[in-house]
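Structural overview
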Amino acid sequence: MTGGERDRVIVLSDGDVASLVALKSAAEMAQGGESSVLLVPRRADRLRVLSRQAAAHRAEILETVTESGRDADMLLAVGRRAGEKRVSRVVWPAHGGVAGDPESVDLDRASAIANTALLVERLLEIESAVAPAIEVPFADLSDRQIAELAADLGLVPGEVWWTGRSSDDQVLAAERWGAAFDAAGVPLRASGVPRADARRG
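The notes below deal with the structure included here. The structure displayed is predicted, hence computed values, not measured ones.

Conventions we followed
Residues numbered from 1 in each chain as written. Predicted model: local features only at pLDDT ≥ 70, side-chain atom pairs only at ≥ 80, totals over all residues. Heavy atoms only, no water. Salt bridge = Lys/Arg side-chain N within 4 Å of Asp/Glu carboxyl O. Buried < 20%, exposed > 50% of the residue type's maximum accessible area, 1.4 Å probe, protein only. Helix = DSSP H or I, 4+ residues; strand = E, 2+ residues; numbered from the N terminus. Arc of directions from axis to C-beta. Contact = heavy atoms within 4.5 Å. Pairing = 2+ DSSP bridges. Axes fitted to C-alpha atoms, helices over the stretch in contact; angles between N-to-C directions. Core = buried A, V, L, I, M, F, W, Y, C linked by side-chain atoms within 4.5 Å. Patch = residues over 30% accessible without salt bridge, like charges linked within 9 Å, V, L, I, M, F, W, Y side chains within 5 Å. Areas by Shrake-Rupley, 256 points an atom, 1.4 Å probe, with all protein chains shown as cover. Parallel < 35°, antiparallel > 145°, perpendicular 65-115°, else oblique. Nonpolar A, V, L, I, M, F, W, Y, C, P; charged D, E, K, R; others polar.

Our next topic: the pattern of salt bridges. Per the stated rule, a full pass over the model turns up 9 salt bridges. Between Asp73 and Arg70 there is a salt bridge whose closest N-O contact spans 3.2 Å. We classify Asp73 as partly exposed; its relative accessible area is 37%. The exposure class of Arg70 is exposed, given its relative accessible area of 55%.

Below you can see the structure in the form of structure tokens.
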């Protein structure tokens, strides 16, 4: 791989807070120009907000990988795509946060995330000499810790898929992440934008 290719990274995204943190972090670390960060949407129904996120952080949208089957199957598909495009890293921003308890981590879920990434990485190495690394930087983080990372990066949660609360799923997600940002000391308005009196670090 060339130097530019080594800098390229694929970020899997479902349009939520952890995915946005991963995208922003990758964009800040990238050194290969606008095409150095590739965003793979996991939900076709969230493509509009994902397209806005990609544009805001100078990422290129690849084809959607839908939510079907096991996480391992999804990661294998993305890993193979990364190999075809000679991308060296895939970031999977899954985490073990617990809905309704921003301080807790589901350790079984966190372990499953890490083990799945390791398994897929090894399978890809068997298949190809240009297999990417599968990174899971948030596996053992709570919702509050993810919210703190977002605040540290200056991200506006209003960019995520649940902004607007037009469905029951969006309302539940907004309540979950509202509690997480409250715990992180960055309370949100109903729109998902930090309140003017939010604590600054």
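Read on, since the account is not over.
Glancing now at helix 3 (residues 47–56). Within helix 3 the residues assigned to the buried category are Val49, Leu50, Gln53 and Ala54. Along the axis of helix 3, the buried positions cluster into a sector of 140°, meaning they face one direction only. Turned more than 90 degrees off the buried face of helix 3, the exposed positions are Arg48, Arg52, Ala55 and Ala56. Structurally, helix 3 contributes buried residues whose contacts are with strand 1 (9–13), helix 2 (17–29), strand 2 (37–41) and strand 3 (60–61). Immediately downstream of helix 3, the backbone of Arg58 shows phi near 55°, a positive value.

Before going further, it helps to spend a moment on the sheet that holds strand 7 (residues 133–135). Remark on secondary structure: sheet strands pair via backbone hydrogen bonds, oriented parallel or antiparallel. Pairing within the open sheet is parallel, and its 5 strands lie in the order 3-2-1-4-7. Strands with a single pairing partner mark the edges of an open sheet, and in this sheet they are strand 3 and strand 7. Against the sheet, helix 3 contacts strand 1, strand 2 and strand 3, and its axis sits at roughly 170° relative to strand 2.

Next up on the list: the nonpolar core. Burial of nonpolar side chains together is a common tendency in soluble globular proteins. In this structure, Val17, Trp162 and Phe181 are the most contacted members of the largest nonpolar core, which totals 33 residues. Every element with two or more residues in this core is listed here: strand 1, helix 2, strand 2, helix 3, helix 6 (143–152) and helix 7 (168–183). Here the element with the most residues in this core is helix 2; it accounts for 7 residues. Ranked by size, the runner-up nonpolar core spans 21 residues in total, among them Leu38, Ala72, Val90 and Ala117.

Turning to the pairing of strand 2, a few remarks are in order. Within strand 2, 5 of the 5 residues are buried, which leaves it mostly tucked inside the rest of the structure. Taking every second residue as pointing to the same face, both faces of strand 2 are buried, with Val37, Leu39 and Pro41 on one and Leu38 and Val40 on the other. Relative to strand 2, strand 1 runs parallel, the two sharing 5 bridges. Looking across to strand 2, one finds that Ser13 is bridged to Pro41. Judged from the 2 bridges that link them, strand 2 and strand 3 form a sheet pairing that is parallel. The residue of strand 3 that forms the bridge with Leu38 is Glu60.

The next point concerns a nonpolar patch on the surface. Residues Leu119, Leu123 and Ile126 make up a contiguous nonpolar surface patch of roughly 300 Å² in combined accessible area. For Leu123, the position within the fold is in helix 5 (residues 107–127).

Turning next to the side chain of His57. Along the chain, His57 turns up in the loop between helix 3 and strand 3. For His57, a relative accessible area of 10% puts it in the buried group. Not counting chain neighbours up to four residues away, the residues in contact with His57 comprise Leu20, Leu23, Lys24, Ala27, Leu155 and Glu159.

Axis angle and axis distance: for two packed helices, these are the angle between their axes and the distance between the axes, and together they describe the pair. It is the contact of helix 6 with helix 7, at a shortest axis distance of 8 Å, that shows an interaxial angle of 70°. Considered as vectors, helix 6 and helix 7 are oriented roughly perpendicular to each other. Together, Asp143, Arg144, Ile146, Ala147 and Ala150 of helix 6 and Arg176, Trp177, Ala180, Phe181 and Ala183 of helix 7 make up the contact between the two elements. Residue classes in the contact of helix 6 with helix 7 are distributed as 7 nonpolar, no polar and 3 charged.

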